[in-house]
Amino acid sequence: MRILLISDIHSNLSAFQAVLQDAEGKWDYVWCLGDLVGYGPNPNECVQLLRTLPHLSLAGNHDWASLGLLDISDFNADARYAVHWTANALSEESKKYLHQLPVTLVIDDVTLVHASPRDPVLEYILDSFIAALNFPHFDTSFCFVGHSHYPIIYQEIGEQDLPLQIKSPEGSEMTLNGQRLIINPGSVGQPRDGNPMAAYALLDTETKVYQARRVAYDIPAVQKQMIEANFPERLIKRLETGN
Ligand code: ZN
């Protein structure tokens, strides 16, 4: 099966639509790694659009926060604003959908979580040390994560060595074979790797070919909506810097 891998849409409908347009005809099923909402101006539209696609989705920390399922006292002020705004904007139907999302899924040789296998909603895998601590927490060869908004692959080398960090820039391909990997496709709606284009990936579960992809979208249009909804300036600005 050909999988469209997306994560961290964060209520950014323009970015989500651009990804679907760019990937058209190249996939059969969607794996969404959570954080459908939070930060952007179109939470309900993003939930609705995902639900029109053949898909599965995990729950992310912003999904939980928007439902009041997570203590957000350690979120920064901008993120807290986005949580309150989103909680207010979400329809009952969107809330019901987000509420039933699982935190971990295992499909054949793949584990899927939003954050990390040992802490599926909250932990950031930001370096090889944290990746090393997480390899023992899943039994499959591959684990797909989102959450850090940074497209990257960690490869397990051995119990004594730190995992290898493999950058996955736009267009790069890798055949997933014989190695244990933690793979992050990056963020659709709020990239943080210095590249403002929406990030996603394609995975063919038969040939095991994984391809990292980027696509431009209308950032000023999203920023205009955010200005009208009084979003904090930093959240508006970061869309164009990708940080
Ligand atoms: Zn996120």
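Conventions used here
Residues numbered from 1 in each chain as written. Predicted model: local features only at pLDDT ≥ 70, side-chain atom pairs only at ≥ 80, totals over all residues. Heavy atoms only, no water. Salt bridge = Lys/Arg side-chain N within 4 Å of Asp/Glu carboxyl O. Helix = DSSP H or I, 4+ residues; strand = E, 2+ residues; numbered from the N terminus. Buried < 20%, exposed > 50% of the residue type's maximum accessible area, 1.4 Å probe, protein only. Phe/Tyr/Trp six-rings, centres within 6.5 Å; stacked < 30°, edge-to-face > 60°. Core = buried A, V, L, I, M, F, W, Y, C linked by side-chain atoms within 4.5 Å. Contact = heavy atoms within 4.5 Å. Axes fitted to C-alpha atoms, helices over the stretch in contact; angles between N-to-C directions. Parallel < 35°, antiparallel > 145°, perpendicular 65-115°, else oblique. Left-handed = near helix turned anticlockwise from the far one by under 90°. Nonpolar A, V, L, I, M, F, W, Y, C, P; charged D, E, K, R; others polar. Donors = N, O, S within 2.8 Å, 3.2 Å for Na, K, Ca; no water. Tetrahedral: all angles 85-135°; square planar, octahedral: opposite > 155°, others 65-115°. Pairing = 2+ DSSP bridges.

## Concerning the pattern of salt bridges
Between side chains of opposite charge, pairing is possible as soon as their charged atoms come close. Scanning the entire structure with this criterion turns up 10 salt bridges. Put simply, D22 and R213 hold a salt bridge, and the shortest N to O gap is 3.4 Å. Of this pair, D22 sits in helix α1 (residues 13-22) while R213 sits in strand β12 (residues 209-215), and the two are 191 residues apart along the sequence. The partly exposed category is assigned to D22, whose relative accessible area is 24%. Given a relative accessible area of 16%, R213 falls into the buried group.

## Considering the packing of aromatic side chains
Applying the stated criterion across every chain, the model contains five aromatic pairs. Consider the rings of F135 and F138, whose centres lie 5.7 Å apart with planes at 40°: the pair is tilted. A single burial state applies to F135 and to F138, both of which are buried. Ring geometry for F144 against Y210: centres 6.1 Å apart, planes inclined by 35°, an arrangement best described as tilted. Taken together, the residues F144 in strand β6 (residues 142-144) and Y210 in strand β12 connect sequence positions 66 residues apart.

## Digging into the nonpolar core
Counting residues in hydrophobic clusters, the biggest one holds 48 residues, and the most contacted among them are L4, I6, F16, L36, L50 and L98. Broken down by element, the residue count for this core peaks at six residues, all from α1. Apart from the residues within four sequence positions on either side, F16 is in contact with I6, I9, C46, L49, L50, L53 and V188. Residues L5, F142, F144 and Y210 belong to the second largest nonpolar core, which totals 18 residues.

## Structural notes on the packing of helix α2 (residues 43-51) against helix α5 (residues 92-99)
As a packed pair, α2 and α5 sit with axes 10 Å apart at the nearest point and diverge in direction by 60°. With respect to their mutual orientation, α2 and α5 come out oblique. Considering the relative orientation of α2 and α5, their crossing is left-handed. On the side of α2, the interface is formed by N44, V47, L50 and R51, while α5 contributes E93, S94, Y97 and L98. Residue classes in the contact of α2 with α5 are distributed as four nonpolar, two polar and two charged.

## Focus: the side chain of Q155
Structurally, Q155 is set in strand β7 (residues 152-155). Given a relative accessible area of 18%, Q155 falls into the buried group. Non-local contacts of Q155, meaning those with residues more than four positions away in its chain, are made with F135, P163, L164, I166, Q179, R180 and L181.

## Things to note about the coordination of the zinc ion
Protein ligation of the zinc ion involves D8 (OD), H10 (NE2), D35 (OD) and H149 (NE2), the donor distances falling in the range 2.0 to 2.5 Å. Taken together, the four donor atoms coordinating the zinc ion and their angles of 87 to 179° define a geometry best described as irregular. Motif for the zinc ion, donor spacing along one chain: D-x1-H-x24-D-x113-H. Placement of H10 in the loop between β1 (2-6) and α1 and of H149 in the loop between β6 and β7 is noted, with a sequence separation of 139 residues between them. Residue H149 is classed as buried on the basis of its relative accessible area, which comes to 1%.

## Here we look at the sheet that holds β6
One open sheet holds the six strands; their spatial order is β4-β5-β6-β10-β7-β8, and the pairing between them is mixed. With one partner strand each, in any of the chains shown, β4 (104-107) and β8 (164-167) form the two edges of the open sheet. Within the sheet, the average angular offset between the axes of one strand and its neighbour, ignoring direction, is 20°. Across four bridges, β7 lies against strand β10 (residues 181-184) in antiparallel orientation. Of the residues in β10, the one forming a bridge with I152 is N184.

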